Amino acid sequence: MNDINFKQRWLDARRKIIEHSFGKLNPEQRLGVMTTEGPLLLLAGAGSGKTTVIINRIANLIRFGKASDCDEIDESATDEELEFIERYAKFFSPEDAKRAEELVAYQPAEPWRIMAITFTNKAADELKARLEVMLGEAANDVWASTFHSACVRILRKDIDRMGMFSKSFTIYDTSDCLSLVKHILKDLDIDEKKFAPRSILSVISGAKDEMISAEEFLSAAGNDPWRKTIGQVYKEYTGRMIDSNALDFDDLILYTVKLFMECPEVLEFYQNKFRYLLVDEYQDTNMLQYKFVSLLADKRKNICVVGDDDQGIYKFRGATIENILSFEKQYKNCRVIRLEQNYRSTEFILEASNAVIRRNTARKGKELWTKNGRGEKLTLYVAASENDEAQFVASKILTGFSQGANWSDFAVLYRMNAQSNQLEHAFKRNGIPYKVFGGMKFYDRAEIKDMLAYMCVVNNPDDDLRLRRIINNPPRGIGDKTVDTAAEIAAREGMTLFELLKKCREYPELQRSAAKLLLFTNMIDDMRSEVSERTLDDLYEFILSKSGYLAALEAKNTQEDQTRAENVRELKTNIVSFIKDRNGVGNLADFLDEMALYTDLDQLEKDTDCAVMMTMHSAKGLEFPTVFMVGVEENIFPGTRSIGDPEEIEEERRLCYVGMTRAKQKLYITAAKQRMLFGRTSCNSVSRFVKEIPEECLETIQAVRNVSSYQSSSGGYKQGGGNYSVGSSYSAPAPSAPAAKYSVSSKIAAKPAAPAANVMFRKGDSIVHKAFGAGVISAMQEMGGDFLVEIIFDKVGTKRLMLKSAAQYMKKAD
DNA sequence: ATCATAACGCTTTTT
DNA sequence: GCGTTATGAT
């Protein structure tokens, strides 16, 4: 048997077999999966099945190793084996699959040799879940995590080697850092108005990103007073973080990189451990993250980065799409694969999105295409006011629902959270169930942070910041001034606040409050001594009562405190489920890690059917059958701040592209001629981005009425059976009841038409609503020139609607 | 020490 | 327009 011939036949069969096991993928996707060795840049457009490629690529590494990407074969291969795999490559008989795949594999990677980095916990969880489906138990050993949790894991093991922090360090979130900066400004006597804590933090964050230390920052500041002051704050900030044994989000990565550089043996350990590296959303990495990845990949260069330069929208947080744009320069022999087939949207949507993003100059260049068909044109609605805009969205959703869509098929995307208000009102008025994302999160609530602060202090008494948060909460008669003097002495003596408080008797300045202070430190010590004695949920219960926190809330007895008490109890549910997730063993430190890094535990609950509204930023990675992009106006989107700066405009344009490509079937874009924002009315023209959409993709609807003509009853447009009216003149020519014309409301005429409405509908009437079906009006209450009607529907239960909005969808049943 | 009122200022935010 | 924060009064 000819050796060359044998090898070639083996390679051919092997290729066929591997290709077959990834047969569901398109050619580009399969190429991405099978390119395992060396640097790989995977440019994955929106909706191109990126996650599928990542999952399958990992599966390929584990099942076949480097077999799909090299010319080597096992020396020991026999003729019988060759014939076997050739037979399998021809007939693919399922009973032969297992042996054939095993034979074909070449140096398969153990799961723990693979690291897959994502940005969000959600993405990491999804990755893990899908890997488990594909690979079973083995999937658990793949390091699939966020940058931050990977770094925490690394630091918990070796951070003490650097001599600044101990392994039990705590993690400060953004608001912790903000209050730390505020404390520092106060102590250094710096005016908060001249030096906004937020911007100081972002400068510090920027410096860390470039690995500039406080000292270096200060010496680079020269005589610039602004930078000098910030440098001082930065220095103080770093010092206090070290004293408190605390790390912020940036530090997690910064100190990991430092650890790698200072302790080569640590770096080497991970370089040897991870044979394959995979980074998702590479366009969102900052310098530090780039550095982290580069160091890890330096030895083997088996690094695959996945991203879309057109979707980089986090420049303001330090992300630089430069990382993805220059990947090819960094790795000379790098291979590039483009995924341009889109499985999500229609041709109209993609054509429009492509046209918009094409205007950007800083990009690799990509054109999405699809086999999904033309679809519907995009609709631009130019509303008279923000109210009108919101009502338009609501009416479209109601119409859609009445035609069989789910509420969750609809998403409203806006540029800023402040825009959600009007929409919420409109949704409430119309009885549309909805959920707003990105607002106040459960873990952001003061009472939750308070309880977590207790747990942090119990875990790490050196945590001065959290200590200050809880020392007088609930009130223990320990005032700010007492704490301030104690902190001063502590700084002078080189102790942490907690250590000093225990010795407060020794200091005359603290004599007066000594009893109270010791009561507090004893309480914390009592809690600490219970850590090893109790289960985590039990410990929480103990802290809850021992601190008097819950009792203080219950004593207040206002509605608000009632809710707070509930939230605090609700936290226990989270603790219990945390323990359950870890098979009954949950320790305090791990729980706090998870809390610090897992901010979005209350995610998109799929079980509740709700329309959703969120910023375009938070919509990244999601998709919806129908998407409304609202407020697409100059000065809002693009925002005032970015106008005039070409780079900023490009970032906004990418955001626009992200928003547009969320839509699967239908995309509505709306703008208002006039809107009230931040208490001021402004008139903006339709966004330049809309003008970049080819005319043939777009159908435009103008609100007929301008806002001032309140008295006219013939406002509105007619289109496709949907009826809609503008401003405050509500005509109700529902298709079924064209004569039902009345007018309620307006800010001008107080309530002139109220009786008229009353004539149309009254309590006890049986009605049919276009979206909700049949129902009976069970109550009616006059409210601000309108009526709040309560209707018991046969199918969807009781709803409370504003008559003026609802009437256009209602008729009397007879 | 805690509650009230005035003044400000305001993108986006995976961790 | 609203929510947060700074300051003063009790």
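Residues numbered from 1 in each chain as written. Chains lettered and ligands numbered in written order. Predicted model: local features only at pLDDT ≥ 70, side-chain atom pairs only at ≥ 80, totals over all residues. Heavy atoms only, no water.

Visitor: With reference to specific residues and values, describe the layout of surface pockets.
Guide: Each pocket or cavity is described by its volume, and for the second largest pocket that value is around 1200 Å³. Lining the second largest pocket are 33 residues; nearest its centre among them are Lys128, Ser149, Arg582, Glu594 and Tyr598. Mapped onto the lining of the second largest pocket, the elements with two or more residues apiece are helix H6 (121-135), strand E3 (143-146), helix H7 (147-158), helix H27 (559-581) and helix H28 (588-597). Per-element tally for the lining of the second largest pocket: the top contributor is H28, with six residues. In terms of residue class, the lining of the second largest pocket is made up of 15 nonpolar, eight polar and 10 charged. (1 Å grid on protein atoms, 1.4 Å probe; cavity = no way out; pocket = protein on both sides within 12 Å on 5 of 7 lines; lining within 4 Å. Points joined across faces, edges and corners; volume = space filled by probe spheres on them. Helix = DSSP H or I, 4+ residues; strand = E, 2+ residues; numbered from the N terminus. Nonpolar A, V, L, I, M, F, W, Y, C, P; charged D, E, K, R; others polar.)

Visitor: Outline the sheet that holds strand E17 (residues 698-702), supporting the account with residue identities and numerical values.
Guide: Read from one edge to the other, the open sheet built from seven strands follows the order E11-E12-E10-E13-E14-E9-E17, with strand pairing classed as parallel. Two strands lie at the open edges of the sheet, namely strand E11 (434-436) and E17, each paired on one side alone. Sheet twist, expressed as the mean angle between neighbouring strand axes with direction ignored, is 20°. Pairing of strand E10 (residues 410-414) with strand E12 (residues 611-615), which is carried by four bridges, proceeds in the parallel orientation. (Pairing = 2+ DSSP bridges. Axes fitted to C-alpha atoms, helices over the stretch in contact; angles between N-to-C directions.)

Visitor: Break down the protein's contact with DNA strand C for me, citing the residues and quoting the values.
Guide: Near DNA strand C you find Glu192, Met676, Phe678 and Gly679, and these make up its full shell. When atoms of DNA strand C within 4 Å of the protein are split into backbone and base, the sugar-phosphate part holds 31%. Contacts to DNA strand C include Glu192, whose side-chain N or O atom sits 3.4 Å from a phosphate oxygen. One nitrogen or oxygen atom from the main chain of Phe678 is found 3.3 Å from a base oxygen belonging to DNA strand C. Here the residues of the surface near DNA strand C are counted per class, giving two nonpolar, one polar and one charged. (Near = heavy atom within 4 Å. Polar contact = N/O pair within 3.5 Å; in protein donor to acceptor, adjacent residues only side chain to side chain.)

Visitor: Got a sec to walk through the pattern of salt bridges? Specific residues and values, please.
Guide: Overall, the coordinates contain 58 salt bridges when judged by the stated rule. One salt bridge connects Glu647 with Lys315, and the closest N-O pair in it is separated by 3.0 Å. Linking Glu647 in helix H30 (residues 646-660) with Lys315 in the loop between strand E7 (303-307) and helix H15 (322-325), this pair joins segments that are 332 residues apart in sequence. Note that Glu634 and Arg688 form a salt bridge whose closest N and O atoms lie 2.7 Å from each other. Taken together, the positions of Glu634 in the loop between strand E13 (624-629) and H30 and Arg688 in helix H31 (residues 688-691) put the pair 54 residues apart, joining distant regions of the chain. Among the charged side chains, a salt-bridge network with shared partners connects Lys50, Asp280, Glu281, Asp284 and Lys620. (Salt bridge = Lys/Arg side-chain N within 4 Å of Asp/Glu carboxyl O.)

Visitor: Explain the packing of helix H20 (residues 446-459) against H27 to me, using residue names and the numbers behind them.
Guide: For the pair H20 and H27, interaxial distance at closest approach is 9 Å and the crossing angle is 50°. Judged by the angle between their axes, H20 and H27 are oblique. The handedness of the crossing between H20 and H27 comes out as right-handed. Here Glu447, Ile448, Met451, Leu452 and Met455 of H20 lie close against H27, whose contacting residues are Arg564, Asn567, Val568, Leu571 and Ile575. Among the residues making up the contact of H20 with H27, the classes are represented as seven nonpolar, one polar and two charged. (Parallel < 35°, antiparallel > 145°, perpendicular 65-115°, else oblique. Left-handed = near helix turned anticlockwise from the far one by under 90°. Contact = heavy atoms within 4.5 Å.)

Visitor: I'd like a description of the nonpolar core, backed by residues and values.
Guide: The biggest cluster of nonpolar side chains holds 53 residues, and the ones touching the most others in it are Met451, Leu452, Met455, Leu536 and Phe591. For this core, the element with the most residues is H20, which contributes nine residues. The contact partners of Leu452, leaving out residues within four places of it in the chain, are Tyr443, Leu571, Phe591, Leu592 and Met595. The next biggest cluster of nonpolar side chains, apart from the first, holds 50 residues, and it includes Phe6, Met34, Tyr88 and Val104. (Core = buried A, V, L, I, M, F, W, Y, C linked by side-chain atoms within 4.5 Å. Buried < 20%, exposed > 50% of the residue type's maximum accessible area, 1.4 Å probe, protein only.)

Visitor: Mind laying out the environment of Ile200, listing which residues take part and the relevant values?
Guide: When you line up the elements, Ile200 lands in helix H9 (residues 197-209). Sequence separation between Ile200 and Leu288 is 88 residues; the distance between their C-alpha atoms is 19 Å. For Ile200, the residues in contact, after removing those within four places along its chain, are Val181, Leu185, Phe195, Ile230 and Val233.

Visitor: I'd like to hear about the confidence of the model for chain A, residue by residue, with values.
Guide: Per-residue confidence for chain A gives a mean pLDDT of 87, with 92% of residues at or over 70. A low-confidence stretch, residues 707-758 stays under pLDDT 50, and its non-local contacts, those more than four residues away or across chains, total 96 contacts. (pLDDT = per-residue confidence, 0-100.)

Visitor: Give me the lowdown on the pairing of E13, citing residues and values where you can.
Guide: The buried fraction of E13 is high, at six of six residues. Looking at chain direction, E10 and E13 are connected through four bridges and run parallel. Note on E13: the bridge partner recorded for Leu413 is Met629. Direction of pairing for E13 relative to strand E14 (residues 663-672): parallel, over a ladder of five bridges. Its bridge partner being in E14, Thr626 is matched across the sheet by Lys666.

Visitor: Could you give an account of the sheet that holds strand E22 (residues 786-793), with specific residues and numbers?
Guide: Working definition: the strands of a sheet are paired by backbone hydrogen bonds and lie parallel or antiparallel to each other. Pairing is antiparallel across the open sheet formed by five strands, whose spatial order is E23-E22-E21-E20-E24. Two strands close off the open sheet at either side, each with one partner strand: strand E23 (797-802) and strand E24 (810-812). Between one strand axis and the next, the sheet turns by 40° as a mean value, whatever way the strands run. Bridge count for E22 against E23 is six bridges, and the pairing is antiparallel.

Visitor: A description of helix H4 (residues 79-91) should follow, citing residues and the corresponding values.
Guide: Helix length check: H4, at 13 residues, gives a terminal C-alpha distance of 18 Å against a target of 18 Å (1.5 Å per residue), a fit within 8%. Where H4 ends, the next residue or the one after it, Phe92, has phi of about 50°, a positive value. (Expected span 1.5 Å × (residues − 1).)

Visitor: Lay out the environment of Ile337 with the relevant residues and their values.
Guide: Among the structural elements, Ile337 can be located in strand E8 (residues 335-339). With 295 residues separating them in the primary sequence, Ile337 and Leu42 have C-alpha atoms 5.0 Å apart. Ignoring anything within four residues of it in the chain, the contact list for Ile337 reads Glu28, Leu31, Gly32, Thr35, Leu40, Leu41, Leu42 and Leu43.

Visitor: Please set out the side chain of Arg662 residue by residue, giving values where relevant.
Guide: Structurally, the position occupied by Arg662 is in the loop between H30 and E14. The side chain of Arg662 sits in the buried core without any salt bridge; Glu623 is the nearest counter-charge, 6.8 Å away. Here the side chain of Arg662 touches Val658 through a polar contact of 2.7 Å, landing on its backbone oxygen. (Lys, Arg positive; Asp, Glu negative; His and termini not counted.)

Visitor: An account of the packing of aromatic side chains is needed here, citing residue identities and associated values.
Guide: Tallying each qualifying case throughout the model produces 29 aromatic pairs. A ring pair is formed by Tyr270 and Phe274, whose centres lie 6.2 Å apart and whose planes are at 15°; its orientation type is stacked. Joined through ring pairs, the aromatic side chains of Phe119, Trp143, Phe147, Phe260, Phe269, Tyr270, Phe274 and Phe292 make up one cluster. A cation over a ring is seen here: Arg156 above Phe169, with NZ or CZ 3.9 Å from the ring centre. Cation over ring: Arg374 sits above Phe348, and NZ or CZ is 4.2 Å from the ring centre. (Phe/Tyr/Trp six-rings, centres within 6.5 Å; stacked < 30°, edge-to-face > 60°. Lys NZ or Arg CZ within 6 Å of the ring centre and 35° of its normal.)

Visitor: Requested: an account of the pairing of strand E6 (residues 276-279), with residues and values cited.
Guide: Here E6 shows no split at all, with Tyr276 and Leu278 on one side and Leu277 and Val279 on the other all buried. Of the strand pairs in this sheet, strand E2 (residues 114-118) and E6 are connected by four bridges, and their pairing is parallel. Note that in E6 the partner of Ile114 across the bridge is Tyr276. Where E6 and E7 come together, three bridges link them in parallel fashion. Paired with Leu278 across the two strands is Cys304, which belongs to E7. Between the parallel elements E6 and E7, the chain passes through helix H14 (residues 287-297) in a crossover that is right-handed. (Right-handed = clockwise from strand over helix to strand, strands pointing away.)

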